[in-house]
Amino acid sequence: MTKNEHHRPVVALDFDGVMNKYHGWKGENTLYKPQTELPQFIKKVYKHYDIIIYTCRDIKHVYTWLEENKLRDYITSVTNLKPRAHVYIDDRAITYKGDYDETYKQIKEFKAWWE
């Protein structure tokens, strides 16, 4: 890294259920349409953060989806590994707040927003 280079903080976005209108697994070729407000959100975030998408899907399919939906230029990378990030946005996340009993209760009661 040169003296004039600096890295922006990273926002890590889950693909299914956050970026697209996911309604359950229908196979590797069903990537669903983007969430209605996704382009505006991505452009807003991109002004101040690098954006990394994390997914269990084939990364090449996600890059194709990004191209088709004119979002590729805003995305730093796509990975199937959990990236280092300032924040993670995921439809299947539980925030650990220091209490394992409460965390277990949240696990037992958990449903994604689309379920």
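The structure we're discussing is the one just above.
Here the structure is a predicted model, which is why all the values come from computation and not from measurement.

The rules we used
Residues numbered from 1 in each chain as written. Predicted model: local features only at pLDDT ≥ 70, side-chain atom pairs only at ≥ 80, totals over all residues. Heavy atoms only, no water. Phe/Tyr/Trp six-rings, centres within 6.5 Å; stacked < 30°, edge-to-face > 60°. Helix = DSSP H or I, 4+ residues; strand = E, 2+ residues; numbered from the N terminus. Buried < 20%, exposed > 50% of the residue type's maximum accessible area, 1.4 Å probe, protein only. Contact = heavy atoms within 4.5 Å. Salt bridge = Lys/Arg side-chain N within 4 Å of Asp/Glu carboxyl O.

*Asks:* It is not clear to me how the packing of aromatic side chains should be interpreted in this structure. Could you clarify?
*Replies:* Pairs of aromatic rings are described using the distance from one ring centre to the other and the angle between the two planes. In the structure shown here, the tally under the stated rule is six aromatic pairs. Residues Tyr46 and Tyr74 carry aromatic rings whose centres are separated by 5.2 Å and whose planes lie at 85° to one another, so their mutual orientation is edge-to-face. With Tyr46 in helix α1 (residues 38-46) and Tyr74 in the loop between α2 (59-68) and β3 (77-79), this residue pair connects regions lying 28 residues apart in the sequence. Residue classification places Tyr74 among the partly exposed positions, given a relative accessible area of 22%. With a centroid separation of 6.2 Å and an interplanar angle of 80°, the aromatic rings of Tyr54 and Tyr88 are classed as edge-to-face. Linking Tyr54 in strand β2 (residues 50-54) with Tyr88 in strand β4 (residues 87-89), this pair joins segments that are 34 residues apart in sequence.

*Asks:* How should I be thinking about the environment of Met19 in this particular structure?
*Replies:* Looking at where Met19 falls in the secondary structure, it is placed in the loop between β1 (10-14) and α1. Since its relative accessible area comes to 0%, Met19 is described here as buried. Residues Met19 and Tyr100, spaced 81 residues apart in sequence, show a C-alpha to C-alpha distance of 30 Å. Aside from chain neighbours lying at most four places away, what touches Met19 is Leu13, Asp14, Pro34, Gln35, Leu38, Ile42, Ile53, Trp65 and Leu66.

*Asks:* How do you make sense of the pattern of salt bridges when you look at a structure like this?
*Replies:* Note on pairing: side chains with opposite charge can pair once their charged atoms come close. Enumeration over the complete set of coordinates arrives at three salt bridges. As a salt-bridge pair, Asp50 and Arg8 come within 3.1 Å of each other at their nearest N and O atoms. Of the two residues, Asp50 sits in strand β2 while Arg8 sits in the segment before β1, which places them 42 residues apart along the sequence. Residue classification places Asp50 among the buried positions, given a relative accessible area of 18%. Between Arg92 and Glu115 there is a salt bridge whose closest N-O contact spans 3.0 Å. Taken together, the residues span a long stretch of sequence, with Arg92 in the loop between β4 and α3 (100-109) and Glu115 in the segment after α3 at a distance of 23 residues.

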